[in-house]
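# Overview (structure and organization)
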Amino acid sequence: MERVVTAKDLAALADDMLRAGRTVAGPVRRKERYFYEAVSRGADLAFDFNYCVYSPRSFFFPPGETLLTYSIGTNELNVAPEAPRTSPVIMGVHPCDCNAIGLLDAVFGSGVPDDHYLARRKDSVVVAVDCHGPCDPTAFCRDMGGNEAQEGFDVMLTPLNGGKGQAAERYLAAAATERGRELLAYNKVGKEPARADRDAAEKFREAKAANFSRRLPYAVEKLPAILDRSYNSLLWQVTAKRCYSCGSCNLVCPTCYCFTVKDVPDLSCASGKRVREWDGCQLQDFATVAGGHNFRPESSSRLRHRIFRKGKWIKEQQGRMGCVGCGRCDRACTAKISVVEIYTQLAEEA
Amino acid sequence: MASAAPVSAKPKIAVFSLTSCEGCSLAILELEDVLLDILGKFEIVNFREAMTERSWDIDIGFVDGAVSTPSDVEEVKMFREKCRVLVAMGACACTGGINTLKNYQNEEDYRKYVYGDKWKVFPTIPAQPCSAFVKVDYELPGCPMNKFEFAELAKCVLMGKPFRLPSEPVCVECKKKGNLCLYEKGLVCLGPVTRAGCGAICPTYGAKCEGCRGLVDKPNLQAAADNLTNLYGMKIEDVLAEFRLFGAYQKERIP
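Throughout this description, residue numbers start from 1 for each chain and increase along the sequence as written. Labels follow written order: the first chain is A, the first ligand is 1, and so on. Selection of residues for local features in this predicted model requires a pLDDT of at least 70, selection of side-chain atom pairs for listing and counting requires 80 or more, and totals for whole chains, interfaces and linings are taken over all residues. Hydrogens are left out, water is left out, and the side-chain values use all remaining heavy atoms of the structure.

### Notes on the overall build of chain A
Under the scheme used here, helices are H or I runs from DSSP no shorter than 4 residues and strands are E runs no shorter than 2 residues, and both carry numbers assigned from the N terminus. Helices and strands together make up the secondary structure of chain A, namely 12 helices and 11 strands. In this description the radius of gyration comes from C-alpha coordinates, and the expected globular size is given by 2.2 Å times residues to the power 0.38. Taken over the C-alpha trace, chain A has a radius of gyration of 22 Å; the compact-globule value for 350 residues is 20 Å, and the two agree within 12%. Each residue's exposure class comes from its accessible area (1.4 Å probe, protein chains only) as a fraction of the maximum for that residue type: buried when under 20%, exposed when over 50%, partly exposed otherwise. Within chain A, the fraction of its 350 residues that count as buried is 55%. Here the open area of atoms and residues is found with the Shrake-Rupley method and a 1.4 Å probe, where only the protein chains shown may cover a residue. In the form shown here, chain A has an accessible surface area of approximately 15800 Å², with 50% of it arising from carbon and sulfur atoms. Note that His is not counted, nor are the chain ends; the positive residues are Lys and Arg, and the negative ones are Asp and Glu. Every charge is mapped onto a representative atom, which is NZ of Lys, CZ of Arg, CG of Asp or CD of Glu. For chain A, the distance from the average position of its 48 positive side-chain charges to the average position of its 43 negative side-chain charges is 3 Å.

### Describing the interface of chain B and chain A
Two residues qualify as a contact provided that any one of their heavy atoms is within 4.5 Å of a heavy atom in the partner residue. Contacts between the two partners involve 33 residues from chain B and, on the opposite side, 34 residues from chain A. Carbon and sulfur atoms make up 61% of the surface buried where chain B meets chain A, a total of about 2800 Å² over both sides. Values labelled buried area give the accessible surface lost by two parts on being combined, using a 1.4 Å probe and summing over both. When residues of chain B are sorted by the area they lose upon contact with chain A, Lys175(B), Lys176(B) and Glu184(B) head the list and together hold 23% of the total. When a carboxyl oxygen of Asp or Glu is within 4 Å of a side-chain nitrogen of Lys or Arg, the pair counts as a salt bridge. One can count 2 salt bridges joining chain B with chain A. Here Glu184(B) and Arg33(A) are joined by a salt bridge, their closest N and O atoms 2.8 Å apart. Counted as a polar contact is a pair of N or O atoms within 3.5 Å, where, for protein atoms, one must be capable of donating a hydrogen and the other of accepting one, and residues adjacent in sequence contribute only when both atoms are in side chains. At the junction of chain B with chain A, the criterion picks out 11 residue pairs in polar contact (both at pLDDT 80 or more). Looking at the side of chain B that touches chain A, the elements that each hand over two or more residues are helix H2 (32-41), helix H6 (147-159), helix H7 (170-177) and helix H9 (221-230) of chain B. It is H7(B) that provides the largest number of residues to the side of chain B that touches chain A, a total of 5 residues.

### Describing the domain arrangement of chain B
Residues and elements named next belong to chain B. Taken domain by domain, chain B consists of domain 1 (12-159) and domain 2 (170-253). Domain delimitation follows an automatic or database domain assignment. For domain 1 and domain 2, the distance between their C-alpha centroids amounts to 25 Å. Listed per partner, the contact involves 17 residues of domain 1 and 10 residues of domain 2. When residues of domain 1 are sorted by the area they lose upon contact with domain 2, Thr95, Tyr104 and Pro141 head the list and together hold 38% of the total. Between domain 1 and domain 2 we count 1 salt bridge in total. Between Arg213 and Glu149 there is a salt bridge; the shortest N-O distance is 2.9 Å. Any residue outside Ala, Val, Leu, Ile, Met, Phe, Trp, Tyr, Cys, Pro, Asp, Glu, Lys and Arg is labelled polar, Gly included; the first ten of those are nonpolar and the last four are charged. Across the side of domain 1 that touches domain 2, the residue classes tally to 9 nonpolar, 7 polar and 1 charged.

### Observations regarding the side chain of Asp136(A)
Within the secondary structure, Asp136(A) is located in the loop between strand S7 (125-129) and helix H4 (141-144). For Asp136(A), a relative accessible area of 18% corresponds to the buried category.

### Regarding the sheet that holds strand S1 (residues 2-6) of chain A
Whether parallel or antiparallel, the strands of a sheet pair through hydrogen bonds between backbone atoms. Residues and elements named next belong to chain A. When DSSP locates at least two bridges between a pair of strands, those strands are taken to pair. The sheet built from 7 strands is open, its strands ordered S1-S9-S8-S7-S6-S2-S3 with mixed pairing. In this open sheet, the two strands that pair with only one neighbour each are S1 and strand S3 (33-38). Strand-to-strand twist across the sheet, computed as the mean angle between neighbouring axes with direction ignored, equals 25°. Across 5 bridges, the pairing between strand S8 (residues 155-159) and strand S9 (residues 170-175) is antiparallel. Residue pairing across strands places Leu157 opposite Ala173, the latter belonging to S9. Sitting on the sheet, helix H5 (residues 178-185) is in contact with S1, S7, S8 and S9, with an inclination near 135° to S9. Axes here mean lines fitted to C-alpha atoms, for a helix over just the part in contact, with angles spanning 0 to 180 degrees between N-to-C directions.

### Quick word on the packing of helix H10 (residues 299-318) of chain A against helix H12 (residues 339-349) of chain A
All names here are of chain A. Across the interface, H10 lies against H12 with an axial gap of 12 Å and an inter-helix angle of 85°. The angle between the axes of H10 and H12 places the two elements in the roughly perpendicular class. Of H12, the residues touching H10 (which contributes Arg306, Ile307, Lys310 and Gly311) are Val339, Ile342 and Tyr343. Grouping the constituent residues of the contact of H10 with H12 by class yields 4 nonpolar, 1 polar and 2 charged. Note that the term roughly parallel is reserved for angles under 35 degrees, roughly antiparallel for angles over 145, roughly perpendicular for angles of 65 to 115, and oblique for everything else.

### Topic: H6(B)
An α-helical turn contains 3.6 residues, so any two residues separated by three or four positions project in the same direction. The terminal C-alpha atoms of H6(B) lie 19 Å apart, and with 13 residues this matches the ideal 18 Å at 1.5 Å per residue to within 8%. Three or more residues of H6(B) are buried, namely Glu149(B), Phe150(B), Ala151(B), Leu153(B), Ala154(B), Lys155(B), Cys156(B) and Val157(B). Tucked inside the fold, the buried residues of H6(B) contact strand S10 (259-265) of chain A together with helix H1 (23-29), H2, strand S3 (58-64), strand S4 (83-89) and strand S5 (138-140) of chain B. Looking at where H6(B) begins, the residue whose side-chain oxygen comes 2.8 Å from the main-chain nitrogen of Phe148(B) is Asn146(B). Downstream of H6(B) by one or two residues, Gly160(B) has phi in the positive range, about 70°. How far a helix is expected to stretch is found by multiplying one less than its residue total by 1.5 Å.

### Re the sheet that holds S5(B)
Residue and element names in this part refer to chain B. Taking strand neighbours across the sheet as the criterion, the 5 strands line up as S2-S1-S3-S4-S5 in an open arrangement whose pairing is parallel. With one partner strand each, in any of the chains shown, strand S2 (43-47) and S5 form the two edges of the open sheet. The sheet shows a mean angle of 25° between the axes of neighbouring strands, taken without regard to direction. In terms of strand pairing, strand S1 (residues 12-17) meets S3 through 5 bridges, oriented parallel.

Right under this line is the structure:
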């Protein structure tokens, strides 16, 4: 199903969803940057934006959430699972972040399925908006294949005008899933596309392909083999000299999914809750286990772990890259450690 | 640190102050929502900011303030003697805090500045944390301390659970809050090496982290020195001054 929609139509659709009681979120401008936020009116959503500082990950996998509450009686333990109830409509997601949602779907949906993630994801709708070029010099999405949305979205918006500093006002909205078809059928948003609209969308895609260039000096398919030869590289120690192990790269990453679980008793000590919070493999205690042993006490070993996860191990587990090339980790690193530079240097050494 | 073994049925607690603003003591009273619960579980027997009675039969003593005068030295030693468990509250008690700024000035000058023509009557020593003089069982860092961390410690004592400060830096809390990094706004912040637990309150309101909670367990201070001078154009003296504000008496020093 395809429709031609204007930015105003999309704002009205968001208002319809809000009236229907849905949580609607999308890029909101805060001074000079955009952030994914829940909105109370569709007009606050920005569809023409460079990048959002954080990915929409936290709407499905929040920084902290309660898994269960408990109370301890005289001879009994009462446990009540906490179930998330909001399944958001997220409007305005770039292809890199769609692919990241696709990876999270695969991770949280396989093995022991993650009820909390899946409950938020169940009725959610993701409206993607295609980008006409790299959003920022740190992006290396073309190398990772992140700039073409493969999964993780229900509707794709292709801009039909704008570009070169002009804001797009009209989009070709194409449903990719049943949920997407339902959304576009809701109040029959927009108009039937004309031949000229499909041509304009095709022109956008051609221009887009030309606008992205590679930053890695090799095809990403070679990366796992390059990493294989780099396990004992000196680069890990050299780079770790600058690294604070602050975990910022993990916490802004749209594909990082590690968490820690804590029990938080009330002051009564007879009741409390079990919470989970974002964790990150760069943090000092990430690999510390019961008894106090830390499997990765050196920051160089943690740094290497992250690079191997993103470039090799997740690919081996999930059949897709663990990195979408959004560049957020590079922007978040106050020590200016760059993943692309590491990948490039390793190839030169290997 | 030793695990906080449960003490008597209703532990007796005391709150003391050395050289400080006593803001950490007051933070306890600001625990409005859980204060009554705490009072139900503990008996406060000595707390100058909150009561007139005094008792010296104490299970857990909380002390805020730096050791900055000869009488502070005597007092902190007495607190240690009277309290089964001694807890340092706030930056002054944990690292010496901003009191230590005087340690870098001429003693006669600051004594005259503070005490005027009576300066000779008020003896002073370089400001130091409690742990420089006595064994401290737990530290609740920050300026002021995080009152919820105080409540957390109280819970751990009641349950006999070990109490641990967060090991991660302030950056983690900033990211969880979805803040724009202050470095992206062109500011230099000590968040990457400062112990979390404050909820990144300063960066959340747009002010840089000044490191009041002290450093993380294994801070990469060489990276701080290198990155701030090489990447952010700071002079090493200015980097040291940033760390000196709250961190003068920490074990780890800028290389």
